[in-house]
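Survey of secondary and tertiary structure
The lines below spell out each chain.
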Amino acid sequence: MSKFQEIEFYKKPETKYELLPFRFINLSEDQLLLTNLVGEYYLTDREVLDDLVRHRLDRENSAYSSLRSRHFLYDEQTSIAKDLLKIKYRTRFNKLDEFTSLHMFVVSLRCEHSCPYCQVSRQSDDKIKYDMSKEIASKSVDLALRSPSKNIKIEFQGGESLLNFDLIKYIVEEAKLRNTDKNLGFVIATNLAVVTQEILDYCLIHDIHISTSLDGPRDLHNKNRPRPGRNSYEKTVEGIKLARETLGFDKVNAIMTTTESSLAIPEKIIDEYLLHNFSGIFLRPLSPYGFAIKTKKFNEYNAARWFEFYKLGLEYIIKLNKEGVIFREFYTSTILKKIFTFSDTGYVDLMSPAGIGIAAVVYNYDGSVFASDEGRMLAEMGEDKFKLGNVLSDTYKDIFLSDALLDPLEESFASSVPMCSECAFESYCGSDPVYHYATTKDFVGRKPESDFCYRNMNVFKYIFNRMNSDMYVEKLFMSWSK
Amino acid sequence: MLKLYGKIDFKNIAFKGWKLFYVTFNPNIPDILKSQFAFIVDNHNYKKGFGSYLSFEKVKKDIPNLFTLKNEFQYLSEGDVIRLDDNGGYACIFRLSSRYNTLLLTEQCNHYCLMCSQPPKKQDDSWLLDQSMKIIEMIPKNTESMGFSGGEPTLYGEGFVNLLRRTKLTLPNTGLDVLTNGRAFAQESFTKSIADVAHPNCTFGIPLYSHDPVRHNYVVQAENAFDETIKGILNLKAYNQRVEIRVVIHKQTIDHLIETCRYITKNLIFVDHVALMGLEITGFTRANLDKLWVDPYEYKNILSEAVRILNHYNISTSVYNHQLCTVNNDVLPNYQKSISDWKNEFVGECDGCQKKSECGGFFSSSIKYRYSDNIKAFA
């Protein structure tokens, strides 16, 4: 049938193809990762990259078609790439107009634990001094409800938040009463040591979730988290059980803090989470704030050692999955979501612009407002750079349009930061002005010396290499991105 | 397979051109409505006044507007809508007993797809649009769903917008699927006029055959089609219209099916449905069979991977026109039995198969011309 044209007919006369902005990095000796500003990526070798940038990549090379459809280049055959890039770039940042959705209320600084790594707690009975007052709570609720975000999550923090449970009740009820058009959610962050059935019954009525700390096996947990009676582990495990029985299994969440003693036993820590039927674990790095720095706990430990710990843990989790145990690592999961979709995950520590203030904000027990939890920890060490104002004296505008918030946001925006702007992982990464300020007195910091950068670069590389070398892992990781 | 149109014997025709009629077996239709009906007449039940008469036997009486039907049209039943021409043309337009009726709006098209099942024609057939405007009024108001197809319906421009508006006003509760190549929607003003109709339940089914513009343009045999189709989909979704992407799987699309699906997840994730469809051996496909045929059994792993990727991104996905014995079990949640009248036929290899009732079976054209060498009855 001569009526039909051959495929050659539809190839328009070739002109020179044009490159669209992209970045690249070596994943291994012979593998390169190419990414663009919306997070489209392509794995290839040096030869293809050389040909690509020299405008001599052969059109019959399968890389050509892939690179074109992933918007690394455009040519005379199609000009739709820019329309699609536009949409995806908007998608990547579309959470920004939501503005602050997580509102943390530090209802008390008092705690019956005395964890050496804790940034912010006091062993004290002085309620006047260390508990949030109703007046401060009331003003804070108003500020939280002022946020343009449709979804407002109020998280109660401490100290041990349950030591001021009456105020939690007040805040929950006032927030519900004053709310007109928001979806309200509540979480209590608690060590569960002082939880009671009555408290949980109240949580059930008001659909309040529980977030607790579980550092690993009994010995490690009790060593990390000393309290009178040395029974933190027992109390936590009992509390988790009771909370699940009252509220429902999925309403109870636990996080672990990594310490020096954790580093050698990632498998045992993961086993502990398996034992208590959690669906995954967040292998958290130790934060450099508060007592952690004062007691030199931070210095004993560095990002390289954490990364080894993370790798061991991740490999163990992959092995578990291969054996049929469904379990995931949440930090990896967050990153995978960014790799496989263009939407931001809303994970505050890995956003750019940074999540400080505009994704999460902290109302401290004394009325001061901080751009992040780390910001208030820094203040406890005498550095109030991230204090945005006070609920008693400042308006919503004063606080959220303050230079104390806008300066670090603008200065640390990764797309325009030296070394970040040309980094192949920029679209998956974030900016952390608080961390960089804490360690270098600068919102941007020096990336070659930054633990934040070292940690994330290594995690990104590891994730891509694992997916590239193992089909099973690629499928598993894809399932984690959901 | 039903024969839905043809030439039939006629006599005493008293109207000019074409007319639409409801089919009826009921001689007691009120006089005032009779002119709208074609009455199935025999030697004993003639009543005066019907718009036309249909008979399956020789009728002795001299009856006006009489058409004699062959036995292959025995499927006609009460309430069906047919078209009769003054030169003996017969077409069954709407069958009440069919779960799904499609109106052909035109045979003109700005594509010339290698596997077109309805090869386009050049001549002006805009009377089909007039016909559709009338049929819309005759279709029962409780019809659940129906389709518009072509050719390329949007070639009518404003005429198509008017039909869509009429359809919405006349059949507000009827779900509507429009098969279009989507290119007209690259023009935002046209998309806006479609969106302004605000049909409550209309889906535009748009083919995308590759992530690669050259290959897509080759399959549809049209230059610039890819960019306009993508732009059209983007515009439709920007105006909140429902869009289904339709991928026909054959030798020219199978090699890049996974990359194509990946492209959909990365760029068109907001579409409402993706249909992955087996090849129907009819129309141009027969002429291009060598270029198009690939045994579904041979690509079943590729199909599985494509479905897995689409499922992962929560894109509602269906696999059509495949036989159960040619797909892997992992696509079963997405597997659809066909809804058309002319499918669900089986071949000798299917004898004794335990899964016939769950299987989509074959197009009759496939049985005639080409089907998988790997059909095997489930024990």
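Predicted, not measured: the structure shown is a model, and the values here were computed from it. (Residues numbered from 1 in each chain as written. Chains lettered and ligands numbered in written order. Predicted model: local features only at pLDDT ≥ 70, side-chain atom pairs only at ≥ 80, totals over all residues.)

1. Here we look at the overall build of chain A
Scanning chain A for helices and strands turns up 19 helices and 15 strands. In summary, chain A has a C-alpha radius of gyration of 25 Å against a globular reference of 23 Å for 482 residues, a match within 12%. When its C-alpha atoms are laid out on the principal axes, chain A stretches across 90 × 50 × 50 Å. Among the 482 residues that make up chain A, the fraction classed as buried is 46%. In chain A, the share of contacts with a sequence separation of at least 24, taken over all contacts with a separation of at least 6, comes to 69%. (Helix = DSSP H or I, 4+ residues; strand = E, 2+ residues; numbered from the N terminus. Rg over C-alpha atoms; globule rule 2.2 N^0.38 Å. Buried ≥ 20, exposed ≤ 12 C-beta atoms within 10 Å, placed from the backbone. Contact = placed C-beta atoms within 7 Å.)

2. Let's talk about the overall build of chain B
Broken down by element type, chain B carries 10 helices and 15 strands. A compact globule built from 379 residues would reach a C-alpha radius of gyration of about 21 Å, and chain B, at 22 Å, matches this within 12%. Each principal axis of the C-alpha atoms in chain B carries an extent, and together these give about 65 × 55 × 35 Å. Counting every position in chain B, which comprises 379 residues, the buried fraction comes to 42%. In chain B, the proportion of contacts linking residues at least 24 apart, taken out of those at least 6 apart, comes to 71%.

3. A word on the pairing of strand 10 (residues 145-149) of chain B
Residues and elements named next belong to chain B. Burial along strand 10 is one-sided: the residues Met146 and Phe148 are buried and none of Ser145, Gly147 and Ser149 is. Note that strand 9 (residues 101-104) and strand 10 share four bridges and pair parallel. Bridge pairing in strand 10 links Asn101 to Met146. In terms of strand pairing, strand 10 meets strand 11 (residues 175-179) through four bridges, oriented parallel. Residue Phe148 lies in a different strand from strand 11, and its bridge partner there is Val178. (Pairing = 2+ DSSP bridges.)

4. Focus on unusual backbone geometry
Residue and element names in this part refer to chain A. Each neighbour pair has its own omega, and for Ser352 with Pro353 the value is 0°, a cis peptide bond. Mapping Pro353 onto the fold places it in the loop between helix 13 (330-340) and strand 13 (360-363). Here Asp207, not a glycine, exhibits a phi torsion of approximately 50°, which is positive. Structurally, Asp207 is set in the loop between helix 7 (197-205) and strand 9 (208-213). Residue Met419 is not a glycine yet carries a positive backbone phi of 75°.

5. Notes on the packing of helix 14 (residues 373-380) of chain A against helix 17 (residues 433-440) of chain A
All names here are of chain A. Where helix 14 contacts helix 17, the two axes come as close as 9 Å, and the packing angle between them is 25°. One element, helix 14, and the other, helix 17, form an angle in the roughly parallel class. In this structure, helix 14 meets helix 17 at a crossing whose hand is left-handed. Listed contacts from helix 17 to Glu374, Gly375 and Leu378 of helix 14 are Val434, Tyr435 and Ala438. A breakdown of the residues in the contact of helix 14 with helix 17 according to their chemical character gives four nonpolar, one polar and one charged. (Axes fitted to C-alpha atoms, helices over the stretch in contact; angles between N-to-C directions. Parallel < 35°, antiparallel > 145°, perpendicular 65-115°, else oblique. Left-handed = near helix turned anticlockwise from the far one by under 90°. Nonpolar A, V, L, I, M, F, W, Y, C, P; charged D, E, K, R; others polar.)

6. A look at the domain arrangement of chain B
Residue and element names in this part refer to chain B. According to the domain assignment, chain B contains domain 1 (5-94) and domain 2 (101-369). Between domain 1 and domain 2, the C-alpha centre-to-centre distance is 34 Å. Domain 1 puts six residues into the contact, and the matching count from domain 2 is six residues. Broken down by class, the residue content of the side of domain 1 that touches domain 2 amounts to five nonpolar, no polar and one charged. (Domains from an automatic or database assignment.)

7. A few points about helix 9 (residues 300-312) of chain B
Residues and elements named next belong to chain B. With 13 residues, helix 9 should cover 18 Å at 1.5 Å per step; its first-to-last C-alpha distance of 18 Å lies within 8% of that length. Among the residues of helix 9, Leu303, Ala306, Val307, Ile309 and Leu310 are the ones counted as buried. Each buried residue of helix 9 sits inside an arc of 160° when the element is viewed along its axis, so together they form one side. Where helix 9 is buried, its residues touch helix 6 (257-267), strand 14 (273-277) and strand 15 (317-320). (Expected span 1.5 Å × (residues − 1). Arc of directions from axis to C-beta.)

8. A word on the sheet that holds strand 7 (residues 151-157) of chain A
Residue and element names in this part refer to chain A. A sheet is described by the order of its strands in space; here eight strands give the open sequence 10-9-8-7-6-13-14-15, paired in mixed fashion. Of all the strands in the sheet, the pair left with one neighbour each is strand 10 (252-255) and strand 15 (387-390). Ignoring which end each strand starts from, the neighbouring axes of this sheet average 25° apart. Pairing analysis gives four bridges linking strand 6 (residues 102-106) to strand 13, with the strands arranged parallel. Among the inter-strand pairings, Phe105 is bridged to a residue of strand 13, identified as Tyr363.

9. Considerations on the interface of chain A and chain B
Residue-level contacts link 17 residues of chain A with 22 residues of chain B. Going through the elements one at a time, helix 2 (62-69) and helix 3 (81-92) of chain A are the ones with two or more residues in the side of chain A that touches chain B. If you tally residues by element for the side of chain A that touches chain B, the top one is helix 2 of chain A, at three residues. Split by residue class, the side of chain A that touches chain B holds seven nonpolar, seven polar and three charged.

10. Focus on the sheet that holds strand 3 (residues 32-36) of chain A
Strand pairs in the sheet, formed through backbone hydrogen bonds, run parallel or antiparallel to each other. All names here are of chain A. Read across the sheet, three strands follow the order 2-3-4 without closing on themselves; strand pairing throughout is antiparallel. Whereas interior strands pair on both sides, the edge strands pair on one side only; in this sheet they are strand 2 (22-26) and strand 4 (41-44). Between one strand axis and the next, the sheet turns by 20° as a mean value, whatever way the strands run. Bridge count for strand 2 against strand 3 is five bridges, and the pairing is antiparallel. Paired with Phe22 across the bridge in strand 3 is Asn36.

11. What about the pairing of strand 7 (residues 81-85) of chain B?
Residue and element names in this part refer to chain B. The sheet contact formed by strand 3 (residues 18-24) and strand 7 spans five bridges and is antiparallel. For Phe21, the partnering residue across the bridge sits in strand 7 and is Ile82. In textbook terms, the turn of a hairpin is the stretch between consecutive antiparallel strands, and for strand 7 and strand 8 (residues 89-94) this stretch comprises three residues, one of which, Gly88, has a positive phi near 90°.

12. As for the packing of helix 10 (residues 266-275) of chain A against helix 12 (residues 303-322) of chain A
All names here are of chain A. The interhelical angle for the contact between helix 10 and helix 12, taken along N-to-C directions, is 50°, at an axis separation of 9 Å. As judged from the angle between their axes, helix 10 and helix 12 are oblique. Crossing hand, helix 10 versus helix 12: right-handed. In this structure, helix 10 contributes Pro266, Glu267 and Ile270 to the contact, and helix 12 contributes Phe309, Leu312, Gly313, Tyr316 and Ile317. Grouping the amino acids of the contact of helix 10 with helix 12 by side-chain chemistry returns six nonpolar, one polar and one charged.

13. Quick notes on the domain arrangement of chain A
For chain A, the assigned domains are domain 1 (17-92) and domain 2 (96-329 + 349-403). Each of domain 1 of chain A and domain 2 of chain A has a C-alpha centre, and the two are 41 Å apart.

14. A closer look at the nonpolar core
Phe105(A), Val106(A) and Ile171(A) are the most contacted members of the largest nonpolar core, which has 122 residues in total. Excluding anything up to four places from it in sequence, Val106(A) contacts Met132(A), Gln157(A), Gly158(A), Gly159(A), Val362(A), Tyr363(A), Asn364(A) and Tyr365(A). Formed by 91 residues, the second largest nonpolar core is a distinct cluster that contains Phe94(B), Tyr218(B), Val220(B) and Ile264(B). (Core = buried A, V, L, I, M, F, W, Y, C linked by C-beta atoms within 7 Å.)

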